[in-house]
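Topology and contacts: notes
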Amino acid sequence: MTKDSSNIITIYDKQYDQTNFNKNQKEIVLHLKVLGQKVTNLRFELNQASVAQDAFINKLLASLEEPKEEKDVG
């Protein structure tokens, strides 16, 4: 008989069969799954923000290198 691989969770390279988990342990696993997705989403958002920040820095630096326009004195 083979174990259903969807019931296997790996923590620090050790596999655990969730079939034998109690209610509290199953709830912790659910929290871990949700938190894992949040971490993934936050890393994605951080990457987006970092790229946007770099773009604005580059835009500012480019504008500082442009020749200054002389004001028209009338």
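Note: the structure precedes this text.
From a predicted model like this one, the values you see are computed outputs, not experimental measurements. (Residues numbered from 1 in each chain as written. Predicted model: local features only at pLDDT ≥ 70, side-chain atom pairs only at ≥ 80, totals over all residues. Heavy atoms only, no water.)

A look at a nonpolar patch on the surface
To keep it simple, the criterion reads: Exposure above 30% relative accessible area and no salt bridge define the residues that can form patches, which grow by joining like charges within 9 Å and nonpolar side chains of Val, Leu, Ile, Met, Phe, Trp and Tyr within 5 Å. Residue exposure ignores everything except the shown protein chains as possible cover, and the areas themselves are Shrake-Rupley values with a 1.4 Å probe. Think of a salt bridge as a Lys or Arg side-chain nitrogen and an Asp or Glu carboxyl oxygen that are within 4 Å of each other. A run of H or I in DSSP becomes a helix once it reaches four residues, and a run of E becomes a strand once it reaches two; helices and strands are each numbered from the N terminus.
On the surface, I57, L60, L61 and L64 cluster together into a nonpolar patch covering about 390 Å² of accessible area. Its place among the elements puts L60 in helix α1 (residues 23–65).

Some thoughts on the pairing of strand β2 (residues 14–17)
Which entries qualify depends on this criterion: A strand pair is defined by DSSP finding two or more bridges across the two strands.
Sheet topology note: the strand β1 (residues 8–11)/β2 ladder contains 4 bridges and is antiparallel. Directly across from I9, in β2, lies its bridge partner Y16.

Concerning unusual backbone geometry
The test is simple: Any residue under 20% of the maximum accessible area for its type is buried, any over 50% is exposed, and the rest in between are partly exposed; the area is computed with a 1.4 Å probe on protein chains only.
Positive phi is not limited to glycine here, since Y12 has a value of about 50°. Summarising the element assignment, Y12 is placed in the loop between β1 and β2. Looking at Y12, the relative accessible area reads 82%, which means it is exposed. Of note, the phi angle at D13 is positive, near 65°, even though the residue is not glycine. As for its placement among the helices and strands, D13 is situated in the loop between β1 and β2.

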